[in-house]
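Geometric and topological summary
Single-letter residue listing:
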Amino acid sequence: MKLSLKDKNGVILNTAKKYCEEDIEIKVNTEELNMSAIDNTQVKEGLFNKVTIKGTKKYLCRVVDYDGTVIKEEWLSIGDIFELPEPIKHNGLVFDGWVSPVPIINNTILVENQDIIIGPMYYTESGATELYVELNKKSTLTLDLHGHTTPKFDYIDWGDGTVNTELSHTYDMYDEYCIKIYGMTEIPYSWTYSYGGYTLEYCLKHLRISNTVTKLGDSCLDDCILLETITFPSTIVQMKYYNFNRSHKLKTIVVPYGVEEIQGLAANLSGLIALVLPYGLKTIKTYLATGAVGLEYLSLPDTIEEIGVGLLRYTYKVKRLHLPKSLKKVDETFQSISSLEEINGELPDNTDCDYNSMFGGSRLKIIPIPKNAKSLNSYCTKAQIRSIVFPDGVETVNSACVDCNYLEEAYVPDSVKILNGTFQNCYMLKNVRLPAYLEEIAGGCFWECHQLEELIIPSTLLALNGACLYETSSLRKIDFSQHTFVPTLGQKQNYINETCQIIVPDELYDEWIAATNWSAHADMIVKKSEAIDYVN
């Protein structure tokens, strides 16, 4: 849709492009342009010195307790103030502050352009790390806490009147027990790993961590099939790698302030509904919440500098994300988030970044593209974009737009030499600007581009390989008229429009129709001088 911006007398002042599904209201005067904008609006500033955009878009501000209970939520606009509620009181727990992805000032938060998920920290009144376990007839009465790495502690209250320093205990009856471990400073590496005994992975339902604990070891609570809740104190400063992998009933994770790096933290947690990241977090290595199919919202703090592969891979409810302003490095970060429809912010221009498969499998309608990227292979497959402009300087865009079924226009810069599968199954693609120095079209590049009507082929093209023009049913012209040689055709191209003209230089016509595989299309090959509706 093209917008004409007019003053109060109806005089056109400027034009801009807008991609959206609804109309917007525009009011203009000679000093200031005020716009009531809606979601997914892109407006390029023109002749105006000052542009004020008042958005009607709403962002979720939600406070979630450790058990998934929503304490407070509001939908607010940019610039609104969200006031934090009074914390909920729980028996045996002491409130230890709020965790927020944005700064908290005087118990309030300023709303910017992202959803905000906030959660509480708690420590235990008893001073012990408390394990709530359930022993039933499917289990044994002997519980072993050795794990892969033996925990360090002072003593254990087993919850049945027994207090000792042993790491194994046999109960008299099946029941639920609260085990209190005193003096614990770390939840050790692979603590739930079993060497054959009955361990926490089978019976732990709730975990309340004391404020003596500063570190969660790698994979410390993997495969806890009954684990529903964890409370985290502010004393924890390390919880790096896959701490809760496959603990499918866990509902909420609140990462305390002081933690600067995490990896695979919420991987394969199908029951997770809230993941709270702190302002101050710097690094998310890989697979933060892969397979967290119940997660709807994720707030990325503006302190994050690096996000690795597969941030939310195979999640199906997260619809929008905010790119941190501090972001310096990414690596196939947003691939396979099939529900993702909107992303705010800019990607970093950094040679350390791997942009390949960055947005593959998303539903994005507008995609940020870094200016200095060299490789954008499989960059935005299946996205719902209408147009794409690859930046000057990019060198490879192999399979970049596969299955972008709404894509209509594409610009490929002269820095690209090979197009391999780039626009496969782009059913609505109509116009493509090809690179001036293109050397090869290959790998089903325009496979089933049913709306594509013409291709102006640069004189540098050496070969067409694979089924690069398969089922281009509307193609009416392929123009090779600038060539001084016959390029290689790797195979016959099936299901091209029968009335398509393959336009070639007059002096190469005889050689062209006799060339390998070109001869199969001899009835389509025409001399430049005889081409119908050919414009010089």
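Above: the structure in question.
Given the structure is predicted, the values throughout are model-derived calculations rather than measurements.

**Details of the sheet that holds strand E33 (residues 431-433)**
Taken in spatial order, the 3 strands make up an open sheet running E30-E31-E33, and their pairing is parallel. Only two strands of the sheet have a single partner each, and these edge strands are strand E30 (387-389) and E33. For this sheet, the mean angle separating the axes of adjacent strands, direction not counted, is 0 degrees. The pairing of E30 with strand E31 (residues 409-411) spans 3 bridges and is classified as parallel. Bridging from a neighbouring strand, Val389 pairs with Tyr411 of E31.

**A look at the packing of aromatic side chains**
Aromatic ring pairs are defined here through the distance separating the ring centres and the angle between the ring planes. Taken as a whole, this structure holds 15 aromatic pairs when the rule is applied. Ring plane angle 55 degrees and centroid distance 5.3 Å describe the contact between Phe480 and Trp512, whose orientation is recorded as tilted. Taken as a pair, Phe480 in the loop between strand E37 (477-479) and strand E38 (488-489) and Trp512 in helix H1 (residues 509-514) lie far apart in primary sequence, 32 residues in all. When its relative accessible area of 0% is taken as the criterion, Trp512 is described as buried. Ring centres of Phe480 and Trp518 lie 5.5 Å apart, and the angle between their planes is 85 degrees; on these two criteria the pair is classed as edge-to-face. Of this pair, Phe480 sits in the loop between E37 and E38 while Trp518 is found in the loop between H1 and strand E40 (525-527), placing the two residues 38 residues apart along the sequence. Judged on exposure class, the residue Phe480 and its partner Trp518 are both buried. The positively charged end of Lys72 is found above the aromatic ring belonging to Phe82, 4.8 Å away from the centroid.

Conventions adopted
Residues numbered from 1 in each chain as written. Predicted model: local features only at pLDDT ≥ 70, side-chain atom pairs only at ≥ 80, totals over all residues. Heavy atoms only, no water. Pairing = 2+ DSSP bridges. Helix = DSSP H or I, 4+ residues; strand = E, 2+ residues; numbered from the N terminus. Axes fitted to C-alpha atoms, helices over the stretch in contact; angles between N-to-C directions. Phe/Tyr/Trp six-rings, centres within 6.5 Å; stacked < 30°, edge-to-face > 60°. Buried < 20%, exposed > 50% of the residue type's maximum accessible area, 1.4 Å probe, protein only. Lys NZ or Arg CZ within 6 Å of the ring centre and 35° of its normal.

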